[in-house]
Amino acid sequence: MNFLHSHRPFEILLVEDNPGDVRLTREALRDTSISHHLHVVTDGVEAMTFLRHQGNYTGAPQPDLILLDLNMPRMDGRRVLALLKKDAKLRRIPVVILSSSQNETDIQSAYELQANCYITKPTDFEQFMGVVKEIEEFWAVTAELPLVAKQGQTN
Amino acid sequence: MPTPHYIRPIEILLVEDNPGDVRLTQEAARETKVHNNMHIVSNGLDAMAFLHHEGRYASVPRPDLILLDLNMPGMDGREVLRLVKSDESLRRIPVVIITSSQAEEDILRAYDLQASCYVTKPVDLDQFIKVVKNIENFWLTIVKLPIE
């Protein structure tokens, strides 16, 4: 489905430990006309709990898109990506790596782990917000996404 | 918007059997500000020969991005996707499915097989061009491709 004329909001899971980047992302998404819900977790452990509908997240919706930082405490984005892409139910959710790392090894290994795409965070605020909007525009409007399982289902 | 800095043209493999769609896609790619070369094959067998540098494709470059139609004669895009993703030397290459199919099972299967994304071809010509430009804008100027 695509979300331009959708009956339900675009569900985005942001996995990001930097509060400044979280705020910029939230603001950028607020600026667009696409109805969305932004869920934020700040490390990989919380991300997996959210996606598996465990702990505080038993009623959480399955996201349509995951924005995943790489460098985070406890469990980093590389580990999350590996777990997601091994999971038969979760691997279909597009994962956009959004990282400050421009390291070629990080880029190569993200694609090796089947990240859908890798995007480097601009350091400039305006450009950062512009990139977030482009991400939403592409994945919510240009691309078709799979219909997801209903909210709260654990299997 | 800061464009990723690539030191050489981006090599794109377009796997598409409809000549009209090929032409539109080529024209849109020419207008993108990131220098790119587009290589065309019209069926799955040629796509795999290209990717494996077989026969007349012995000296072709490795694509940085694959644009893949689903419905083609002989070997279709679904099979190409499966083969690319099970090949250690090819699986890192992002594959963008561009197809007229809106079937939910095609969409789901593409993402399950780890296509990078799935885009439906609009029937309207102007919309089609717009969509191809959106794809090229996103994948060539926003995304960092795994350049080898």
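Overview of the structure. Nothing here was measured: the structure is a model prediction, and the numbers come from that model.

Scanning chain B from N- to C-terminus turns up 5 helices and 5 strands. Ordered by position in the sequence, the α and β elements of chain B form the string β-α-β-α-β-α-β-α-β-α. Its C-alpha radius of gyration of 14 Å places chain B within 12% of the 15 Å reference for a compact globule of 148 residues. Taken along its principal axes, the extent of the C-alpha atoms in chain B is 40 × 35 × 30 Å. Relative to its full complement of 148 residues, chain B shows a buried share of 56%. In chain B, the proportion of contacts linking residues at least 24 apart, taken out of those at least 6 apart, comes to 69%. Here chain B holds 16 positive side-chain charges and 22 negative ones, and the gap between their average locations is 5 Å.

Before going further, it helps to examine the layout of surface pockets. The space that makes up the largest pocket amounts to roughly 360 Å³. As for the largest pocket, its lining consists of 17 residues, and the residues nearest its centre are Asn 2 and Val 141 of chain A together with Pro 122, Gln 127 and Val 131 of chain B. Elements represented by at least two residues in the lining of the largest pocket include exactly helix H5 (125-142) of chain A together with strand E5 (117-120) and helix H5 (125-142) of chain B. Residues that form the lining of the largest pocket fall into these classes: 6 nonpolar, 8 polar and 3 charged.

With that settled, the discussion passes to helix H4 (residues 104-112) of chain A. Residues and elements named next belong to chain A. For H4, the full list of buried residues reads Asp 106, Ile 107, Gln 108, Ala 110 and Tyr 111. Each element contacted by the buried residues of H4 is listed here: helix H3 (77-86), strand E4 (95-99) and strand E5 (117-120). Of the residues flanking the start of H4, the one acting as N-cap is Asn 103, its side-chain oxygen 2.8 Å from the backbone nitrogen of Thr 105. Where H4 ends, the next residue or the one after it, Gln 114, has phi of about 75 degrees, a positive value.

Moving on: the interface of chain A and chain B. One frequent convention defines the size of an interface as the accessible area lost when the parts assemble. The interface of chain A with chain B comprises 31 residues on the first partner and 32 residues on the second. At the boundary of chain A with chain B, total buried surface from both sides reaches about 2,800 Å², with 55% on carbon and sulfur atoms. Linking chain A with chain B are 3 salt bridges. The set of elements that each furnish at least two residues to the side of chain A that touches chain B consists of H4, E5 and H5 of chain A. In terms of residues, the side of chain A that touches chain B owes the most to one element, H5 of chain A, which gives 8 residues. Here the side of chain A that touches chain B is built from residues that sort into 16 nonpolar, 8 polar and 7 charged.

A few words on empty space enclosed by the protein. Residues and elements named next belong to chain B. Across all of its chains, the model carries 5 cavities of 30 Å³ or more by this definition. Looking at the largest cavity, its volume works out to about 40 Å³. As for the largest cavity, its lining consists of Leu 14, Val 15, Glu 16, Thr 25, Leu 67, Leu 68, Asp 69, Ile 98, Lys 121 and Phe 128. Mapped onto the lining of the largest cavity, the elements with two or more residues apiece are strand E1 (10-15) and strand E3 (65-68).

A few words now on the pattern of salt bridges. All names here are of chain B. Scanning the entire structure with this criterion turns up 22 salt bridges over all chains. The partner of Glu 105 in a salt bridge is Arg 109, with the nearest N and O atoms 3.5 Å apart. Of the two residues, Glu 105 and Arg 109 both sit in helix H4 (residues 104-112), 4 residues apart, roughly one turn of that helix. A residue is classified by how much of its surface remains accessible, and Glu 105, at 56% relative accessible area, is exposed. Here Arg 109 falls in the partly exposed class, since its relative accessible area comes to 31%. Sharing partners across several salt bridges, the network here consists of Asp 76, Arg 78, Glu 105, Asp 106 and Arg 109.

Procedures and definitions
- Residues numbered from 1 in each chain as written.
- Chains lettered and ligands numbered in written order.
- Predicted model: local features only at pLDDT ≥ 70, side-chain atom pairs only at ≥ 80, totals over all residues.
- Heavy atoms only, no water.
- Helix = DSSP H or I, 4+ residues; strand = E, 2+ residues; numbered from the N terminus.
- Rg over C-alpha atoms; globule rule 2.2 N^0.38 Å.
- Buried < 20%, exposed > 50% of the residue type's maximum accessible area, 1.4 Å probe, protein only.
- Contact = heavy atoms within 4.5 Å.
- Lys, Arg positive; Asp, Glu negative; His and termini not counted.
- Charge placed at Lys NZ, Arg CZ, Asp CG, Glu CD.
- 1 Å grid on protein atoms, 1.4 Å probe; cavity = no way out; pocket = protein on both sides within 12 Å on 5 of 7 lines; lining within 4 Å.
- Points joined across faces, edges and corners; volume = space filled by probe spheres on them.
- Nonpolar A, V, L, I, M, F, W, Y, C, P; charged D, E, K, R; others polar.
- Polar contact = N/O pair within 3.5 Å; in protein donor to acceptor, adjacent residues only side chain to side chain.
- Buried area = accessible area lost by both parts, 1.4 Å probe.
- Salt bridge = Lys/Arg side-chain N within 4 Å of Asp/Glu carboxyl O.

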